[in-house]
Structures are given as C-alpha cells and as structure tokens.
Amino acid sequence: MHDSAELRSLYQARFHAEPAVFAAPGRVNLIGEHTDYAEGFVLPAAINFATLAAISPRDDGKISIYSENYREERSFDAASLPEKGNGHWSDYPMGVVHELAQAGQSIPGFSLSLWGDVPPGSGLSSSAALEVSTALAVEWMLGVQYPGPMLARLCQRAENEYVGANCGIMDQFISIHGKENHALLLDCRDLSYKLAPIPDHVALVIANTMVKHSVAGGDYPTRRRESEAACAVIARHRPEVKFLRDATLADLDRWGSEMEPKALMRARHIISENLRTVAAADALLRGDLKELGRLMAEAHWSYSRDFEASCAEADAMVELAADVPGLIGARLTGGGFGGCTINLVEQREAETFAKTLGERYAARIGIVPEMHICHASGGAHRLGKTGERRSAETA
Ligand code: GLA
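Predicted model only: the values in this text are computed from it and were never measured.

Conventions and cut-offs
- By convention here, each chain's residues receive numbers from 1 onward along its written sequence.
- This being a predicted model, a pLDDT of at least 70 is required before a residue's local features are given, and a value of 80 or more before pairs of side-chain atoms are given or counted; all residues contribute to the totals for chains, interfaces and linings.
- Neither water nor hydrogens contribute to the side-chain values; these are computed over all heavy atoms in the structure.
- A 1.4 Å probe rolled over the protein chains alone gives each residue an accessible area, and that area as a share of the maximum for its type sets the label: buried under 20%, exposed over 50%, partly exposed in between.
- What counts as a helix is a DSSP run of H or I of at least four residues, what counts as a strand is a run of E of at least two, and both are numbered from the N terminus.
- Following DSSP output, two strands are said to pair if at least two bridges run between them.
- Note on scores: pLDDT gives the predictor's confidence for each residue, bounded by 0 and 100.
- For every element, the axis is a line fit to its C-alpha atoms; helices are fit only across the contacting stretch, and the angle between N-to-C directions ranges from 0 to 180 degrees.
- For classification purposes, angles smaller than 35 degrees are called roughly parallel, those larger than 145 roughly antiparallel, those between 65 and 115 roughly perpendicular, and all remaining angles oblique.
- It is the rotation of the near helix from the far one that decides the hand of a crossing: anticlockwise by less than a right angle makes it left-handed, clockwise makes it right-handed.
- In what follows, residue pairs with any heavy atoms lying within 4.5 Å of each other are defined as contacts.
- All residues other than Ala, Val, Leu, Ile, Met, Phe, Trp, Tyr, Cys, Pro, Asp, Glu, Lys and Arg, Gly among them, are scored as polar; the first ten of these are nonpolar and the last four charged.
- Counted as a polar contact is a pair of N or O atoms within 3.5 Å, where, for protein atoms, one must be capable of donating a hydrogen and the other of accepting one, and residues adjacent in sequence contribute only when both atoms are in side chains.
- Between the rings of Phe, Tyr and Trp (Trp by its six-membered ring), a pair exists once the centres lie within 6.5 Å; its type follows the angle of the planes, with under 30 degrees stacked, over 60 edge-to-face, and the other angles tilted.
- By definition here, charges over rings are those cases where NZ of Lys or CZ of Arg is within 6 Å of the ring centre and within 35 degrees of the ring normal.
- Whenever Lys or Arg places a side-chain nitrogen within 4 Å of a carboxyl oxygen from Asp or Glu, that contact is recorded as a salt bridge.
- The span you would expect from a helix comes to 1.5 Å times its residue count less one.

Along strand β7 (residues 182–187), six of the six residues are buried, which leaves the element largely enclosed by surrounding structure. The two faces of β7 match: His 182, Leu 184 and Leu 186 on one face and Ala 183, Leu 185 and Asp 187 on the other face are all buried. The pairing of strand β2 (residues 41–42) with β7 spans two bridges and is antiparallel. In the strand pairing of β7, Val 42 is matched with Leu 186. The sheet contact formed by β7 and strand β8 (residues 193–197) spans five bridges and is antiparallel. Directly across from Leu 184, in β8, lies its bridge partner Leu 195. Taken together, β7 and the strand that follows it, β8, pair antiparallel across an intervening segment of five residues, in which Leu 191 is found at a positive phi of about 60°.

Shown next as structure tokens:
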C-alpha cells in the first residue's frame, strides 16, 4: 500500500462503495516532554507519515472496520457499542466512535478502512493519527464538524478512557493543527498556540532506535504518578499550584526534601522542561539555531537522567549524532523508553548525516536503525480522488 488511490480501490473491492478519504499525520516533538499533562508547553510538528481513513455509510446498522496494516476486519453493532476497549487495535477507532456517542451523536452503521505508515511503537504518535483520521471520517459521515481543540480533546478522551492509556493532549492536537514547515508551541493549559517556522535549510531527521515504546505500558503512567506526587507536596505549601506548570525550581529548593527522591527528579525535569520549551520556541522564532540545539541537548539529558525515560540505545543515538557534521540539535522524542530521536540537521547534510549516524549506531549497538528524513507537514484533512488535499470549503 502506498497512497490514497490504492486504499480507495481496495476499499471499493471490499465494501462495494465509493468512500470519502481522510488523512491524519503522526508527529515529532522538538522539545517539551511529559509536560502536556502537567498543563505546560510542548513544541511538536506534524510529519509526513499519516493514517488514512476511508469511510462510507451502510444501511444494516453494522460498523465494519478493516485495518489494511493488520489485514483484519472487526464488526460491531452501531446500536450497542462496547463500553470499553479490550487491548485490540480496533479500540482506537472504536474509542473515537464511543466518545462521539457520549457527546450526543447518534451513530449509524458505516464501513471504515484504515491504513497508515506511521511506524507503530516508535513514539511518532501512530495512535493519535489513527484516532484523528477516524474522527474526521466519522464527523464527515455525521455531517458535523467540531472545532479543532474540541476534537483533539475528544480523541484524547478516547485514548484515556476507552483504550486506557493516560496520555496528554499533545499528539491529538498537533495531528489536527499541524502546519506545513512549522513547529507549534502549544500551551496545554488553555490550548492557545503559536506557530514557529522551521527554516528551509533545516531537515528533520528521525532516527528509530528500534527499541519499542508504549504509552499504555507501565513506565509512562508511573512517571506521571511520580510527578503528580511531587506537585501535591508543593501544593501543601502553595495551594494555588494545581499542576507542575504552576511550580518553580525555587519550590523544589524549598520543599524538595519532603518529596520521594524520584518524585523530586521527575518534577525537576518537568519544571525545567517547561522553561526550555518556551525558550526553544523563542530561539526558533529568532532563528537562533545554536541556542535551539543547546536546549535540545539539555532537554535530552534531563529526560534521561532526571526523568529516567531514555534508554541506553537512545542515549547512544544522541551522543553519536553530536559528532556527525550538520547537526543542530538532537534528543529522544515522544513518550520515552525507546522510540525515535529527532535530529535537526542542515538540509544539505541530511542524507550523509542519516547514513553516517545509522552506520555508527549499528556499529555500536548492533541494531540497524530506520532513518527518515522528514519535513513538517499540515494537519488532518480530507483527500480528493487523486490524493490531493481538499480545502476546508470542499471538504
Ligand atoms: C506521549 C503522550 C503525550 C505526551 C508524550 C510525552 O506521546 O501521548 O501526551 O505526554 O508522550 O511528552
């Protein structure tokens, strides 16, 4: 499978109907990790990997969902939707359908076919791409259109409550609001955002350590709990502190001794990461790439040492990148414990950079990494018959 034309024709062969097709991108986060659920700041960009969702109504009250990736079909009764997921890939699209029903929509039968090239388990938000593409498809069928931030919240709820993964808002938000050649500084408190152009001469080189990452697993929720415990200690002294977004490094100096040592470390990462993320967006807007690179390196080591969310392979990928010509900044991106590093690289060096870093990583770790030279792309949208993006008016 390569594109929407192929998905469309496979869809027609399977469901004997002409579908409407939607695309939602994955993302890479330049900086701001585990800050979203602390109501802080993140600086992601949507990337040119996406999930496509093809949909058409059916009149037998059934919801049929086919995954081209898993080559598997699941059927549900639109009149009695399951209340919870059960650890299957269909939990993601069905979570969205469930949330739309919770929001008061009456859900008719439909056939949905999904295909995506966001590498799963690599920290590039394949889950959000699946949720958002489904959401756009089902919205279209219902004839409704939620405002972007509301739709992002709805998809996040699908993942939190139906799938059972305790993620924040970053991935769903950027998948909807991404802009070609831009990163987006999101304030996760009020969902206001500012776009920062990524200069033409800068490439996003994504290096997959090939170590699997998962948000649903044990470590992500543990980190979240530890950092919330630190916040609760500060809140005993300063009740106005509701989230670590409201806390300062000075609070840690004063009350850190009342925290579990791990909780203190997690909080130090989140509080300092918020400062770095705002500073990084400023640096990008000013064109100060040197400062951006410095902040990314600092962020990586804070993520690795204080948040303990890196792994030996990701640390090696970041260390090795520092000696490859063309690097502006590198760090582990996404939820942590494996997945990909993001390398901002001078465009003219990008090919050689990717090749050299890949070889050095393979030589040191003994695993051949996948390397992707990406660009920041636009957010979720409808695709026309020939695969072109349809404007909001024609969608
Ligand atoms: C995952 C979650 C996000 C965010 C990141 C860490 O991608 O889905 O909400 O918490 O991890 O920054």
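From this point, the discussion proceeds with the structure in view.
Summary statistics for the protein give a mean pLDDT of 96 and a share of 97% for residues scoring 70 or more. Of all helices and strands in the protein, the one with the weakest mean pLDDT is helix α1 (residues 4–15) (96), whereas β2 scores best (99).

As a packed pair, helix α9 (residues 289–306) and helix α10 (residues 312–321) sit with axes 11 Å apart at the nearest point and diverge in direction by 155°. Relative to α10, the element α9 lies roughly antiparallel. In this structure, α9 crosses over α10, and the sense of that crossing is left-handed. Mapping the contact onto sequence places His 300, Trp 301 and Ser 304 in α9 and Ala 314, Asp 315, Val 318 and Glu 319 in α10. Tallied by class, residues from the contact of α9 with α10 come to three nonpolar, two polar and two charged.

A few words on the side chain of Arg 266. For Arg 266, the location among the structural elements is in helix α8 (residues 261–286). We classify Arg 266 as buried; its relative accessible area is 2%. A polar contact is formed between the side chain of Arg 266 and the backbone oxygen of Asp 306, at a distance of 2.8 Å. Each residue touching Arg 266, except ones within four places of it in the same chain, is listed here: Arg 223, Glu 226, Ser 227, Asp 306, Phe 307 and Glu 308.

It is worth spelling out the packing of helix α6 (residues 219–237) against α8 at this point. Packing of α6 against α8 brings their axes to within 8 Å, and their N-to-C directions diverge by 90°. Relative to α8, the element α6 lies roughly perpendicular. Facing Arg 223, Glu 226, Ser 227 and Ala 230 of α6, the residues of α8 in contact are Lys 262, Ala 263, Arg 266, Ala 267 and Ile 270. For the contact of α6 with α8, the per-class residue count stands at four nonpolar, one polar and four charged.

A few words now on the packing of aromatic side chains. Aromatic rings considered in pairs are described by the distance between their centres and by the relative angle of their planes. Inspection of the entire model under this criterion finds six aromatic pairs. Aromatic pair Tyr 303 and Phe 307: ring centres 5.9 Å apart, planes at 20°, arrangement stacked. For the cation-ring pair, Arg 14 lies above Tyr 66, with the distance from its terminal atom to the ring centre recorded as 3.5 Å.

Let us look at the pattern of salt bridges. Considering all chains together, one arrives at 27 salt bridges under this definition. In this structure, Arg 286 engages Asp 288 in a salt bridge whose closest nitrogen and oxygen atoms are separated by 3.2 Å. For Arg 286, a relative accessible area of 54% puts it in the exposed group. Ionic pairing is found between Glu 319 and Arg 364, a salt bridge with its closest N-O pair at 3.3 Å. Of this pair, Glu 319 sits in helix α10 while Arg 364 sits in helix α11 (residues 350–365), and the two are 45 residues apart along the sequence. Taking relative accessible area as the criterion, Glu 319 reaches 38% and is therefore assigned partly exposed.

The end-to-end C-alpha separation of helix α2 (residues 91–102) is 15 Å, in line with the 16 Å expected for twelve residues at 1.5 Å each. By the criterion of burial, α2 is predominantly enclosed, with ten of the twelve residues buried. Among all positions of α2, only Asp 91, Tyr 92, Pro 93, Met 94, Gly 95, Val 96, Val 97, His 98, Glu 99 and Leu 100 are buried. Looking at the packing, one finds that the buried side of α2 touches β4 (62–67), β5 (72–77), β6 (110–116), α3 (126–142) and α4 (148–163). Remark: Gly 104 follows α2 within two positions and exhibits a positive phi of approximately 100°.

Turning next to the sheet that holds strand β10 (residues 327–332). Taken in spatial order, the four strands of this open sheet run β10-β11-β9-β12, and their pairing is antiparallel. Strands with a single pairing partner mark the edges of an open sheet, and in this sheet they are β10 and β12 (370–374). For this sheet the average axis-to-axis angle between neighbouring strands, irrespective of direction, equals 20°. Alignment of β10 against strand β11 (residues 340–346), held across five bridges, turns out to be antiparallel. Counterpart to Gly 329 in the pairing with β11 is Leu 344.

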